[in-house]
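Residues per chain, in single letters:
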Amino acid sequence: MTSVVAAVCAGLFVLLSTAVVAWVVLQRPEAVRDWLLADPSLGVARFGAVMLGVGVLSGLVAYFATLQTRQHVERSSKELVQLATRFAAGEARLTPLRSDIDELDHVSGVMTRRAHDMTKSLAAERDFAADASHQLRTPLTALLMRLEEISETDDAEVVKEEANIAIAQVERLTRVVDDLLGRTRGAGGPSPAVSLDSVIAALQREWQPAFEQARRSVRVRGERGLFVRSTPVALSQVLSTLLENSLVHGRGTVDVHARRSGPSVIVEVSDEGDGVPAAMAPHIFERSVSSGAGGSTGLGLALARDLAESNGGRLDLVQAQPARFALFLSEGETD
């Protein structure tokens, strides 16, 4: 670009100089003729010096005319190189150039967009890894409790009962893995109708050893025979998170109350503890927000709300002290 500008400037100056020479030749031909014929060799030398001077002046005009443009291009090119270096180093927050040079601005725009996309992708991968570890931890912990129960008893009936529950938990763990794989593949579609009673009963059996060990209990009440729109894995994970939250942070009996409310089914989980601190209540569903008790990572409630929303529902903290969570789901129709 600068070369084109320089050539144009030089050409214009040459044309202007040529026009001046032509005017002199046409208007004062006798003076030019006397000047050239006085001494032929001296005249040729004079004419060559004039043309050389015109060329030098043209070059100087072109140099100073394009100086600012060349400095701007050089400065913008260095900024683009610095941007590319930061992009190659993995820096995420890049500011695109505003050089008014279309080619450079386009390249910087591509790099900044790519850096932003890579940052979002890495964040999504980290969130998925954290969610997957949290979803797998709960059924594995429950399975470990069942195996410990089996190892500590000699009663064949108890072993058989605990083994059947452990098998059910392994099946649930398999469904959790399948659900995680479905999330990575973008699997979607309408949620099926699932029996709320069966999911709650399975969770009650699963969490019974942990609550008995803490000398606490889970009470289930409300309407029976309800069906909701949700995948069994998601519903089980959301309610399991609420039970675990009550076990770790609450006290006394955990109350699970299911009821209809118009076209929705509401499942409320509460306990007799101190509840959620007022300062934490507005942020309770944010990632990494936790009191830190019981080794909590702050992922459980955030993941539970995401799972509820992905199944067309909603999870809210309807009362902070004592804590009462409400899961809202669409009522499902059975065949």
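Everything below is about the structure shown above.
These notes cover the structure that comes with them. This one's a predicted model, so the numbers in the text were calculated from it and none came from an experiment.

Now for the overall build of the protein. Check the secondary structure of the protein and you find eight helices and seven strands. Within the protein, the fraction of its 335 residues that count as buried is 33%. Nonlocal contacts in the protein, meaning residues at least 24 apart in sequence, comprise 69% of its contacts between residues at least 6 apart. By element, 58% of the accessible surface of the protein is carried by carbon and sulfur atoms, the whole surface being about 19,700 Å².

Another point: helix 7 (residues 232-249). Side chains that are three or four residues apart share a direction in an α-helix, a result of its 3.6 residues per turn. The terminal C-alpha atoms of helix 7, which comprises 18 residues, lie 25 Å apart, in line with the 26 Å expected from a rise of 1.5 Å per residue. Buried residues dominate helix 7, accounting for 15 of its 18 residues.

Ordered in space as 2-4-5-7-6, the five strands form an open sheet in which the pairing is mixed. A strand with exactly one partner marks an edge of an open sheet, and here the two such strands are strand 2 (218-222) and strand 6 (314-319). Adjacent strand axes in the sheet meet at a mean angle of 20°, parallel and antiparallel pairs treated alike. Against the sheet, helix 6 (residues 196-213) contacts strand 2, strand 4 (254-261) and strand 5 (264-270), and its axis sits at roughly 160° relative to strand 2. Sheet contacts for helix 7: strand 2, strand 4, strand 5, strand 6 and strand 7 (324-330); angle to strand 7, the most-contacted strand, approximately 175°.

The buried fraction of strand 5 is high, at six of seven residues. Connecting strand 4 to the next strand, strand 5, in antiparallel fashion are two residues, including glycine 262 with a positive phi near 65°.

Together, Leu52, Val56, Leu57, Leu60 and Phe64 line one region of the surface with nonpolar side chains, adding up to about 510 Å² of accessible area. Relative to the helices and strands, leucine 52 is located in helix 3 (residues 40-88).

What follows concerns the packing of aromatic side chains. Across all of its chains, the model carries two aromatic pairs by this definition. Their ring planes at 70° and their centres at 6.5 Å tell us that tryptophan 207 and phenylalanine 211 sit as a pair that is edge-to-face. Of the two residues, tryptophan 207 and phenylalanine 211 both sit in helix 6, four residues apart, roughly one turn of that helix. When the ring of phenylalanine 285 is compared with that of phenylalanine 325, the centres are 6.1 Å apart and the planes differ by 85°; the resulting orientation is edge-to-face. Here phenylalanine 325 lies in strand 7 and phenylalanine 285 lies in the loop between strand 5 and helix 8 (300-310), a separation of 40 residues in the sequence. The exposure class assigned to phenylalanine 285 is buried, which follows from its relative accessible area of 13%.

Thresholds applied
- Every chain's residues receive numbers from 1 upward, in the order its sequence appears when written.
- pLDDT decides what is reported in this predicted model: residues at 70 or higher carry local features, side-chain atom pairs at 80 or more are listed and counted, and totals for whole chains, interfaces and linings draw on all residues regardless.
- With hydrogens and water excluded, all non-hydrogen atoms of the structure serve as input to the side-chain values.
- Secondary structure follows DSSP: runs of H or I at least 4 residues long count as helices, runs of E at least 2 residues long count as strands, and numbering of each begins at the N terminus.
- Residue exposure (1.4 Å probe, protein chains only): buried if accessible area is under 20% of the type maximum, exposed if over 50%, otherwise partly exposed.
- Residue contacts follow a heavy-atom distance rule, with two residues in contact if any of their heavy atoms lie within 4.5 Å.
- Residue-level accessible areas treat just the shown protein chains as cover; the underlying method is Shrake-Rupley with a 1.4 Å probe.
- What a helix should span is 1.5 Å times the count of its residues minus one.
- Following DSSP output, two strands are said to pair if at least two bridges run between them.
- For every element, the axis is a line fit to its C-alpha atoms; helices are fit only across the contacting stretch, and the angle between N-to-C directions ranges from 0 to 180 degrees.
- Patch definition: residues above 30% relative accessible area lacking any salt bridge, with like charges linked at up to 9 Å and the nonpolar side chains Val, Leu, Ile, Met, Phe, Trp and Tyr linked at up to 5 Å.
- Salt-bridge detection follows one rule: a side-chain nitrogen of Lys or Arg within 4 Å of a carboxyl oxygen of Asp or Glu.
- Within 6.5 Å between ring centres, the rings of Phe, Tyr and Trp (the latter by its six-membered ring) count as paired, and their orientation is classed by plane angle as stacked under 30 degrees, edge-to-face over 60, tilted in between.

None of the figures reported here should be taken as evidence of function without further support.
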